[in-house]
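Spelled out from the first residue to the last, the chains are:
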Amino acid sequence: MAVVRAEGLVKTFGEGRAARRVLDGASLSVAAGEVVAVVGRSGTGKSTLLHLIGGLDRPEAGSIVVDGVQVTGAGERALSRLRRRRVGFVFQFFHLLPELTGEANVLLAGRVRHARPDAAARGQELIDRLGLRAVAGSLPSQLSGGEQQRFAIARALVNDPAVLLADEPTGNLDVHAGAEVLQLLRAGADEGRAVVMVTHEASAASIADRVLRLERGRLVDA
């Protein structure tokens with residue numbers, strides 16, 4: 001059964017002659033335990049696709065269902081609840097709050113409304129499991145890129161989401177740190193999550209069960 005099901009997605013940016021349709025009937029299905037990598041040239045709409053799946057943006061047409069929840073047409077409160085409990089985001093630039101320690105960044109995700117009741121304990125467990133205990137009290141500016149991304153992944157997993165959306169997760173990392181992050185994403189799928197990863201790196205796409213290319217607004221086998 002598909003955990004992510006998107007059909008006929010349409011998204012246009014700009015108006016009039018400047019309008020650019022980046023998604024034009026794109027469809028995607030991702031099962032639990034599966035990693036799907038989406039590749040394509042810059043500006044083709046790969047990140048936009050993730051934003052639509054995660055409820056950060058809305059399509060002009062099409063439908064999206066995530067873990068049994070209808071995303072398209074949902075109100076902001078329902079989308080917020082979806083992002084907190086069912087979807088984890090991992091970004092290229094980490095997006096850790098600079099004034100909080102790595103540990104505090106992870107635990108903050110468990111303190112929001114609708115978070116899992118055991119999120120704090122799970123956050124501590126993730127910090128230990130990802131080998132971050134020794135630097136848990138450090139600010140993001142004191143951490144390496146690989147450490148920042150591991151904290152970001154721990155934060156994304158605090159509420160045990162059914163779906164992980166990763167946007168160029170190794171784009172700012174060296175080869176060794178990038179390989180560690182890819183192993184964590186693969187492990188996330190092996191634990192039963194659906195993982196959708198946007199990447200331009202062959203090494204990242206190599207961990208995927210399927211690789212799709214976004215061309216002319218649609219997803220095709222790479």
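Up top is the structure.
Asker: Whenever I open this one, the overall build of the protein confuses me. Can you help?
Answerer: Each helix and strand counted, the protein has seven helices and 10 strands in total. Relative to a compact globule of 222 residues, whose C-alpha radius of gyration would be 17 Å, the protein shows 17 Å and is just as compact. Across its three principal directions, the C-alpha atoms of the protein cover 50 × 35 × 35 Å. Long-range contacts, defined here as pairs at least 24 residues apart, represent 68% of the contacts in the protein between residues at least 6 apart. Averaging the coordinates of the 28 positive side-chain charges in the protein and doing the same for the 25 negative ones gives two points 6 Å apart.

Asker: For this particular structure, what's the right way to read the pairing of strand β10 (residues 218-221)?
Answerer: The side chains of a regular strand alternate between the sheet's two faces. As judged from the four bridges shared by strand β9 (residues 210-215) and β10, these two strands associate in the antiparallel manner. Bridged to L212 within β10 is D221.

Asker: For this particular structure, what's the right way to read the packing of helix α5 (residues 145-157) against helix α6 (residues 175-190)?
Answerer: Packed helices, taken two at a time, are described by the angle between their axes plus the distance between the axes. It is at 9 Å that the axes of α5 and α6 come closest, and there the two elements cross at 10 degrees. Accordingly, the angle class assigned to the pair α5 and α6 is roughly parallel. Crossing of α5 against α6: the hand is right-handed. Along the contact surface, α5 presents G146, Q149, R150 and I153, while α6 presents A177, E180, V181, L184 and L185. Counted by class, the contact of α5 with α6 contains five nonpolar, two polar and two charged residues.

Asker: Please explain the nonpolar core as it appears in this structure.
Answerer: What tends to happen in soluble globular proteins is that the nonpolar side chains get buried as a cluster. Judged by nonpolar contacts, the single largest core of 36 residues is most densely connected at V35, F151, I153, L164, L185 and M197. The element that contributes the greatest number of residues to this core is α5, accounting for six residues. Setting aside anything within four residues of it in sequence, one finds F151 in contact with L96, G102, E103, V106, I127, L132, V135, A136 and L143. Ranked by size, the runner-up nonpolar core spans 33 residues in total, among them L23, V71, A194 and V196.

Asker: What exactly am I supposed to notice about the sheet that holds strand β6 (residues 87-91) here?
Answerer: To summarise the sheet geometry, strands pair through backbone hydrogen bonds and adopt either a parallel or an antiparallel arrangement. The sheet built from six strands is open, its strands ordered β6-β7-β8-β3-β9-β10 with mixed pairing. Either end of the sheet is taken by a strand with one partner, and the two such strands are β6 and β10. Here the average twist between neighbouring strands, direction ignored, is 25 degrees. Relative to β6, α5 is tilted by about 165 degrees, and along the sheet it contacts β6 and β7 (163-167). Here α6 sits on the sheet and contacts β3 (35-39), β7 and β8 (194-198); the angle it forms with β8, its principal contact strand, is near 150 degrees.

Here is what the cut-offs are and how they apply
Residues numbered from 1 in each chain as written. Predicted model: local features only at pLDDT ≥ 70, side-chain atom pairs only at ≥ 80, totals over all residues. Heavy atoms only, no water. Helix = DSSP H or I, 4+ residues; strand = E, 2+ residues; numbered from the N terminus. Rg over C-alpha atoms; globule rule 2.2 N^0.38 Å. Contact = heavy atoms within 4.5 Å. Lys, Arg positive; Asp, Glu negative; His and termini not counted. Charge placed at Lys NZ, Arg CZ, Asp CG, Glu CD. Pairing = 2+ DSSP bridges. Axes fitted to C-alpha atoms, helices over the stretch in contact; angles between N-to-C directions. Parallel < 35°, antiparallel > 145°, perpendicular 65-115°, else oblique. Left-handed = near helix turned anticlockwise from the far one by under 90°. Nonpolar A, V, L, I, M, F, W, Y, C, P; charged D, E, K, R; others polar. Core = buried A, V, L, I, M, F, W, Y, C linked by side-chain atoms within 4.5 Å. Buried < 20%, exposed > 50% of the residue type's maximum accessible area, 1.4 Å probe, protein only.

Keep in mind these numbers describe shape, not what the thing actually does.
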